Amino acid sequence: MKGWVIAVVIVVALVATVAFYMLLSRGGRQVALLNAERLLISENFTGTYRLTESQLINTSLISEVLQINGVVTISRSPLVDAVVTNGTEFVIQGGENSSVYVESAIYKTNDNICLVTKEMPLGSVISKCMPYSNYTKYTMLSYYMTESSLRNARYIGIGHWKGEATYCFASVITIKPPNETIAQSPAVEITVNVTKICILGNGVIANMTMTTYESTQEPTPTTIILTINETLVNYSFAFNQREFDLLISNVTQG
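## Points about the overall build of the protein
Here is step 1: The number of helices and strands found in the protein is 4 helices and 11 strands.
Here is step 2: For the protein, restricting intrachain contacts to residue pairs at least 6 apart in sequence, the fraction spanning at least 24 positions comes to 53%.
Here is step 3: For the protein, the exposed area adds up to about 14400 Å²; of that, 58% sits on carbon and sulfur atoms.

Printed below as a string of structure tokens:
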């Protein structure tokens, strides 16, 4: 009888421990999601990510594959409506390798939203603006894709980043961009399959794997399948104002 009582006590303790752990896990993942949305919408953030990317382009005429590896730093400030990105990408296409350093910025100025891109070693600069409108969320698809993925997230388990626990989710969303975007994309529909997005408790995305399927009709029917895997290297809760100012001033002076 004594042994049976001890066994019951052990089972009850185990059940209580598991229930407590599940409660903590559930609370933790909900907090992580809320923090990730808050960080995306209202907080300054700079994150450096190691990136691998595979892009398949299919048309009636060609089928082309690009492999891209690199390290990219993304700095955003919802407070001043600006994002600045820089990084070195190693592109493999048709057995040929090339290295490209790219700086870009998207920002709001007066009643316009503008895109500036600078590519080295070519030194080419692209700058264009369009009227700010109610469709602004579509002009920065990375924002919209991430926000929508978070809002439609399904919990799949716990991961780790540098010894810290992360909460991992998956989601599938479909985007139908309006006719006019900052990139002037002719996309008819974009389907985003986020197979894994792992978030630290403070809302920082530590790992993400996703595949986007983009279909266009003009000038010719085209399908683009893009698979991205990114892993966080380091981060800070600040905006890279200096680099943003330099990029914008160089374009203005040029």
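## Things to note about unusual backbone geometry
Here is step 1: For Lys162, which is not glycine, the phi dihedral falls at a positive 50 degrees.
Here is step 2: Here Lys162 lies in the loop between β7 (154-161) and β8 (164-175).
Here is step 3: We classify Lys162 as exposed; its relative accessible area is 62%.

## Section: the side chain of Ser171
Here is step 1: Within the fold, Ser171 resides in strand β8.
Here is step 2: Assessed through its relative accessible area of 6%, Ser171 is described here as buried.

## Some details on the packing of aromatic side chains
Here is step 1: Within this structure, the stated rule accounts for 7 aromatic pairs.
Here is step 2: Look at Tyr107 and Phe244: their rings are 5.6 Å apart centre to centre, the planes differ by 80 degrees, and that puts the pair in the edge-to-face class. On the criterion of sequence distance, the pair formed by Tyr107 in strand β4 (residues 96-109) and Phe244 in helix α4 (residues 241-253) is long-range, its members being 137 residues apart.
Here is step 3: When its relative accessible area of 14% is taken as the criterion, Tyr107 is described as buried.
Here is step 4: Taken together, the ring pairs connect Phe45, Trp161, Tyr235 and Phe237 into an aromatic cluster.
Here is step 5: Directly above the ring of Tyr155 sits Arg29, whose terminal nitrogen or CZ lies 4.0 Å from the centroid.

## Structural notes on the nonpolar core
Here is step 1: Of all hydrophobic cores here, the largest spans 28 residues; its most connected members are Val192, Ile197, Ile199 and Val204.
Here is step 2: Contributing elements (two or more residues each) for this core: α1 (2-42), β1 (45-59), β8, β9 (187-200), β10 (205-216) and β11 (222-236).
Here is step 3: Among the elements that make up this core, the one with the highest residue count is β9 (6 residues).

## Focus: the pairing of strand β2 (residues 63-77)
Here is step 1: Inspection of the sheet shows β1 paired to β2 by 14 bridges, in the antiparallel sense. Directly across from Thr48, in β2, lies its bridge partner Thr73.
Here is step 2: A loop of 3 residues connects β1 with β2, the two strands running antiparallel in sequence.

## So, the confidence of the model for the protein
Here is step 1: Summing up the model confidence of the protein, the mean pLDDT is 76 and the portion of residues at 70 or higher is 72%.
Here is step 2: Mean pLDDT values for the elements of the protein range from 46 in helix α2 (residues 136-139) up to 93 in β7.

Calculation notes
- Residues numbered from 1 in each chain as written.
- Predicted model: local features only at pLDDT ≥ 70, side-chain atom pairs only at ≥ 80, totals over all residues.
- Heavy atoms only, no water.
- Helix = DSSP H or I, 4+ residues; strand = E, 2+ residues; numbered from the N terminus.
- Contact = heavy atoms within 4.5 Å.
- Areas by Shrake-Rupley, 256 points an atom, 1.4 Å probe, with all protein chains shown as cover.
- Buried < 20%, exposed > 50% of the residue type's maximum accessible area, 1.4 Å probe, protein only.
- Phe/Tyr/Trp six-rings, centres within 6.5 Å; stacked < 30°, edge-to-face > 60°.
- Lys NZ or Arg CZ within 6 Å of the ring centre and 35° of its normal.
- Core = buried A, V, L, I, M, F, W, Y, C linked by side-chain atoms within 4.5 Å.
- Pairing = 2+ DSSP bridges.
- pLDDT = per-residue confidence, 0-100.

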